[in-house]
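Descriptive analysis of the structure
These are the residues of each chain, in order.
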Amino acid sequence: MNLIQKISTPIQYVKTVGPQRASMLQKLGIYTVRDMLYYFPRRYEERKLIEFVNECSQDDTVSVRGTVLGSQDLKLRQGLTATKVALSDGMNIFYAVWFNQPHIKKQIAPGLTITVTGKVDQRYGAVQIRVADFELNNSSVAENYWCSIVPVYALSEKINQKFLRGLIKTCLEEYTSEQEEFIPENLIKKYRLLPLNRSLLWMHQPQNILETEKARRRLIFEELFLLQLLLAARKRTITRKLKFFTYSDKNEILKKFLNNLSFGLTPAQSRVWQEIMTDMHRSVPMYRLLQGDVGSGKTVISTLALLKAAENGLQGALMVPTEILAEQHYLFLKRYMEPLGINVGLLTGKMKKAEKNMAFQLIESGQMQIVIGTHALIQENIAFKHLAMAVIDEQHRFGVRQRATLQDKGICPDMLVMTATPIPRTLAMTLYGDLDISVIDQLPPGRKPIKTHVIYENKLPDTYEFMRKQIRIGRQAYIICPLVEESEHVESQAAIDLALELSEGELADFSVGLLHGRMKSELKEEVMTKFRLGEIDALVTTTVIEVGVDVPNATVMVILDADRFGLAQLHQLRGRVGRGLEQSYCILVANPKTDEARARLAAMHRSEDGFYLAEQDLRIRGPGEFCGTRQSGLPDLKVADLIRDWKILEVARQEAIDLLASDPELKKPENEALLREIRTRFPDSVQFAHIG
Ligand code: ADP
Ligand code: MG
């Protein structure tokens, strides 16, 4: 039996385990020997090994060996018994103390030699050690842990450190061997990686911290390399198909559109557009993520892609998460497209049945060349004549399946997914390792940094005074009501109340608008139109305007109870202002009560850079929480950290791509072990079903 088969042995069959302990181990996610070997210590405890107790001082944690002289149980008070064992180190007598562990006395008979580890207490004259851990000198497990660094594992009920350490020792000795390795030899050499067996050994039984670091480095590489292979294989399956359409490079209508536009593309926009256009001209479908901070101008890029499809007699679709946004994009596209003779349509859930049916027909016949819509676009009964360009805006708001459903509306269409939620590049590479990434890393010219202030509620009157001044010079403002996660109803009610209060009080001289999630679609649209036209001065609203909304004349963003919002959300909301040439302001009204909330507000005050903020957010919350990593379907990472280990991640990605280029199905004999490892690790992965 080779290693990979051996370490797939169910944990139950390892000696000393059995069915009962096996079920306890399963609670820790340990089903097989492999799981056990990859159950890494949560931390290591450094132990000071001393020979004689007079070498230690108060509160040191030490390990010391002694011969048992005698023992005694002391009842200290109700429910607290101490077992006090007298020991000799050969020079001094000292005491080891256990609390509420009466069975200890039976194990420790006078004359035995034991090693005790624990904190030193010298307050009562003789040295006393409060035992955290001990080894009987002649037990088999003992010797290995009689070292200065000891692994500490996360435990569950009925599984203790000693049992786990012993079990891991058995697994290491009986189920692993020096020869086994699945990472290709050239990579082991190139990156000077530790062999598998030694890495596992050094993780669990290190002689010093340096060993754990070397072991960890290999295991991080291993984890990221396998993950990247999975993603690269997925990408190869996608891009192996061929498109059924081609593009001419005349771009006549496209050029007209660019001429009509009131602005020129920024260098970053031009570069990104070139990348997309190059992809469109390829025979394999594009699969690209367009990343750009709020306000960086992604819409115009997607418009170019959609228009290019239309100009070539094909269809384009743009899917967005909210009706407000669908409407906004529709108005923008219609304004520019209709004069060019391109037919643009809208499809949302709230449209009347007759309107919808009409749209369905036009989509099916191909007359509607560009369709903008919400989730309504991916309904079953919609069929495109020839969908060639599928764009998803604010893609983090959609699930993997929804993305795929839109894609399936065409035959291998080009896909462009856009996000304003900034994701650090390294994380994006993993989350979307199967996508190419384009980044707009530059804002349109003339934008001034938004001035952000964090204030207490008692300063609100000053804020309204400031808002009135801004409105008087022609600007507009948003006021965001507190986030109420439990109920949209309560949240909307708060907005209704506040709008009323302001229109009779602080903003009585101005036109106050109201927009919340429970309003009818028509009404929402009406309000947005009025706000866009400047007929509403101050818009009291909720997070319904969080993404995408673009009214460049708005310069004041007030967020009430800002400490309740997440960092990504605050950044998105702030991104609703600072979209024009005027100076914009963001006022965060908050009384933060937790360190996390304070950290978020401080980060908002400090920076306007979405990428920086995303990294802060990751630091504060961890990658799992961030922008739906959980739903991304990626396997959990055990040792790697996508932010900290970005260098290894990039290397692993490149190596994975190169390896699959030379051996796409991992069929070469030297990659056999690797293929087996991937299949064992990702048994449910459809991506590898096609391999081998
Ligand atoms: P986002 O990337 O957040 O979707 P938008 O596409 O909504 O950003 O663009 C934000 C604003 O910037 C819009 O009003 C848009 O018309 C404007 N804009 C986009 N590109 C440019 C540019 N190159 N020069 C000037 N303004 C631009
Ligand atoms: Mg946008």
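Residues numbered from 1 in each chain as written. Chains lettered and ligands numbered in written order. Predicted model: local features only at pLDDT ≥ 70, side-chain atom pairs only at ≥ 80, totals over all residues. Heavy atoms only, no water.

Re the nonpolar core
- With 62 residues, the main nonpolar core has Ile11, Leu25, Met36, Leu167, Phe225, Leu229 and Leu674 as its most contacted residues.
- Going through the elements one at a time, α2 (18-26), α3 (33-37), α6 (161-175), α7 (185-190), α8 (196-204), α9 (209-239), α23 (646-662) and α24 (672-681) are the ones with two or more residues in this core.
- Among the elements that line this core, the one with the most residues is α9, at 11 residues.
- Those residues in contact with Leu167 that sit more than four places away from it in its chain are Ile11, Val14, Lys15, Thr16, Val17, Leu25 and Met36.
- Judged by nonpolar contacts, the second largest core, of 45 residues, contains Leu290, Leu306, Tyr336 and Leu346. (Core = buried A, V, L, I, M, F, W, Y, C linked by side-chain atoms within 4.5 Å. Buried < 20%, exposed > 50% of the residue type's maximum accessible area, 1.4 Å probe, protein only. Helix = DSSP H or I, 4+ residues; strand = E, 2+ residues; numbered from the N terminus. Contact = heavy atoms within 4.5 Å.)

Brief notes about the pairing of strand β20 (residues 554-559)
- Counting buried positions along β20 gives six out of six residues, so the element sits mostly inside the fold.
- Where strand β17 (residues 476-480) and β20 come together, five bridges link them in parallel fashion. When the sheet's bridge partners are listed, Ile480 is paired in β20 with Ile559.
- Relative to strand β21 (residues 585-589), β20 is paired through four bridges, and the arrangement is parallel. If you follow Ile559 over to β21, its bridge partner there is Leu588.
- Handedness of the β-α-β unit built from β20, helix α20 (residues 567-574) and β21 comes out right-handed. (Pairing = 2+ DSSP bridges. Right-handed = clockwise from strand over helix to strand, strands pointing away.)

Details of the environment of Glu457
- Considering the arrangement of structural elements, one finds Glu457 in the loop between β16 (451-455) and α17 (460-472).
- The spacing of Glu457 and Glu323 is 134 residues in sequence and 33 Å in space, taken between C-alpha atoms.

So, the packing of helix α12 (residues 298-311) against helix α13 (residues 323-337)
- Here α12 crosses α13 at 55 degrees, and the two axes come no closer than 11 Å. One element, α12, and the other, α13, form an angle in the oblique class. The crossing of α12 and α13 is right-handed. The residues of α13 that touch α12, namely those facing Thr299, Thr303, Leu306 and Leu307, are His329, Phe332, Leu333 and Met337. (Axes fitted to C-alpha atoms, helices over the stretch in contact; angles between N-to-C directions. Parallel < 35°, antiparallel > 145°, perpendicular 65-115°, else oblique. Left-handed = near helix turned anticlockwise from the far one by under 90°.)

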